Amino acid sequence: MTSVVLALSGVVKDYRGLRPLRIAALSVAAGEHVALVGIDQVAAEVLINLITGATLPEAGDICVFGRPTAAIADSDDWLATVDRFGIVSERAVLLEPLTVIQNLAMPFTLEIEPPPDDARRRSSALAREVGLPESGWEQPIATLDTASRVRLRLGRALALDPAVLLLEHVSAGLSAREAEALGADIRAIATRRGAAILAATADERFARAAAGRILTWTPATGRLTEQRTGRWFGRLLG
């Protein structure tokens, strides 16, 4: 039987928006790739904070890896939980004067000028895995374009071999071609690693490339409507 890594039921979180964030019911199985379409960037941040246990809902239940987030006991317990997630978000801090390799080495070592051989090897493997060209590995990341910066953040999120990738509007600012390529690559990487994906996005093309199950969110009720048919996808892509 496939295990469930994320389960939300009757969740309500007031974040001083137009209305509270509501998620009626959502489950993600181990290794499953799911996209939520229609959640804006602010609500996506709130959702990810709820899933990781950084905040608690006013109502409802959230379980991660079979355990309620309300049961997280202290900061050490919380950090151990967060380490099982890889979060790809613009909120993830990158150090602009440092190189691609140095930024990717940060989860492995505090010594980054230069990184030790093992950290450099692991960082190089991540850069290659996420599709960053070797010619730019030793350049300051301030020179990277938008698509490459997203891939760098993806590499950082993968560093500790997470069980779940949480994607927060990662295709924002990308062309349609870049978004589709990114989605396909993320899905292939997650498949190889056996990781689940939960992607919050407004980009239906990206959702189709990254996920096997696509859910449309209704803000007023929190209902998630599954969209699978070829005819639906045809309308999206037409």
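You'll find the structure just up there.
These numbers were taken from a predicted model, which means no experiment stands behind them. (Residues numbered from 1 in each chain as written. Predicted model: local features only at pLDDT ≥ 70, side-chain atom pairs only at ≥ 80, totals over all residues. Heavy atoms only, no water.)

1. Remarks on the sheet that holds strand β1 (residues 4-13)
- Here we have four strands laid out as an open sheet, ordered β2-β1-β4-β5, and antiparallel in their pairing. Sheet topology places β2 (21-29) and β5 (67-68) at the edges, where each strand pairs with a single neighbour.
- In the packing of helix α1 (residues 41-51) onto the sheet, the strands contacted are β1, β2 and β4 (59-64), and the crossing angle to β1 comes to about 120°. (Pairing = 2+ DSSP bridges. Helix = DSSP H or I, 4+ residues; strand = E, 2+ residues; numbered from the N terminus. Contact = heavy atoms within 4.5 Å. Axes fitted to C-alpha atoms, helices over the stretch in contact; angles between N-to-C directions.)

2. Quick look at the side chain of Thr 69
- Within the secondary structure layout, Thr 69 lies in the loop between β5 and α2 (75-82).
- Once you skip the residues sitting within four places of it in the chain, Thr 69 turns out to touch Leu 50, Ile 51, Gly 53, Leu 56, Ile 62 and Val 64.

3. Structural notes on the pattern of salt bridges
- Tallied over the full model, the rule gives 14 salt bridges.
- For Glu 58, the salt bridge is made with Lys 13, and the minimal N-O distance between the two is 3.4 Å. Of this pair, Glu 58 sits in the loop between α1 and β4 while Lys 13 sits in strand β1; the two residues are 45 residues apart in sequence, bridging distant segments of the chain.
- According to the relative accessible area criterion, Glu 58 is exposed, its value standing at 51%.
- Classification of Lys 13 by relative accessible area gives buried; the value is 15%.
- Via salt bridges that share partners, Glu 45, Arg 91 and Glu 168 belong to a single interconnected network. (Salt bridge = Lys/Arg side-chain N within 4 Å of Asp/Glu carboxyl O. Buried < 20%, exposed > 50% of the residue type's maximum accessible area, 1.4 Å probe, protein only.)

4. Some remarks on the sheet that holds strand β8 (residues 196-201)
- The strand order β6-β7-β8-β3-β9-β10 describes an open sheet built from six strands, whose pairing is mixed. Unpaired on one side and paired on the other, β6 (85-88) and β10 (224-227) mark the two borders of the sheet. Averaged over all adjacent pairs, the angle separating strand axes in this sheet is 20°, with direction ignored.
- Strand direction decides the pairing type here: strand β3 (residues 33-37) and strand β9 (residues 213-217), joined by four bridges, are parallel. Looking across to β9, one finds that Val 34 is bridged to Arg 213.

5. Examining the packing of helix α5 (residues 146-158) against helix α6 (residues 176-193)
- Contact geometry for α5 and α6: axes closest at 11 Å, N-to-C directions at 15°. One finds that α5 runs roughly parallel with respect to α6. Between α5 and α6 the crossing geometry is right-handed. Taking contact as the criterion, the partners of Ala 147, Val 150, Arg 151, Leu 154 and Leu 158 in α5 are, on α6, Glu 178, Ala 181, Leu 182, Asp 185, Ile 186, Ile 189 and Arg 193.
- When grouped by side-chain class, the residues that make up the contact of α5 with α6 number eight nonpolar, no polar and four charged. (Parallel < 35°, antiparallel > 145°, perpendicular 65-115°, else oblique. Left-handed = near helix turned anticlockwise from the far one by under 90°. Nonpolar A, V, L, I, M, F, W, Y, C, P; charged D, E, K, R; others polar.)

6. Things to note about the environment of Thr 216
- Mapped onto the elements, Thr 216 comes out in strand β9.
- The sequence separation of Thr 216 and Arg 128 amounts to 88 residues, and the corresponding C-alpha distance is 33 Å.

7. Focus on the environment of Ser 27
- In this fold, Ser 27 is placed in strand β2.
- Sequence separation of Ser 27 and Cys 63 is 36 residues, and the distance between their C-alpha atoms is 9.3 Å.
- Those residues in contact with Ser 27, other than ones at most four positions away along the chain, are Val 4, Leu 6, Ala 7, Glu 32 and Arg 213.

8. Some remarks on unusual backbone geometry
- Between Glu 113 and Pro 114 the backbone carries a cis peptide bond, its omega angle lying at -5°.
- Here the phi dihedral of Phe 65 falls at roughly 55°; this positive angle occurs in a residue that is not glycine.
- Relative to the helices and strands, Phe 65 resides in the loop between β4 and β5.
- Its identity as a non-glycine residue notwithstanding, Asp 161 has a phi of 55°, on the positive side.

9. So, the packing of aromatic side chains
- On inspection of all chains with the given rule, the structure shows one aromatic pair.
- With centroids separated by 5.3 Å and ring planes inclined at 45°, the aromatic side chains of Phe 65 and Phe 85 adopt a geometry described as tilted. Of the two residues, Phe 65 sits in the loop between β4 and β5 while Phe 85 sits in strand β6, which places them 20 residues apart along the sequence. By the burial criterion, Phe 65 is buried, and Phe 85 matches it.
- Between Arg 84 and the ring centre of Phe 65, over which it is positioned, the NZ or CZ distance is 3.8 Å. (Phe/Tyr/Trp six-rings, centres within 6.5 Å; stacked < 30°, edge-to-face > 60°. Lys NZ or Arg CZ within 6 Å of the ring centre and 35° of its normal.)

10. Some remarks on the nonpolar core
- Formed by 38 residues in total, the largest nonpolar core has its most connected members in Val 100, Leu 152, Leu 154, Leu 165, Leu 167, Ile 186 and Phe 206.
- When residues of this core are traced back to their parent elements, those giving at least two are β3, α3 (100-105), α4 (117-129), α5, β7 (164-168), α6, β8 and α7 (204-210).
- At six residues, α5 tops the list of elements feeding residues into this core.
- When near neighbours in sequence (up to four residues on either side) are disregarded, Leu 165 contacts Gly 86, Leu 154, Ala 157, Leu 158, Ile 186, Ala 190, Ala 196, Ile 197 and Leu 198.
- Counting residues in each nonpolar core, the second largest holds 30 residues, with Leu 47, Ile 48, Phe 85 and Leu 198 among its members. (Core = buried A, V, L, I, M, F, W, Y, C linked by side-chain atoms within 4.5 Å.)

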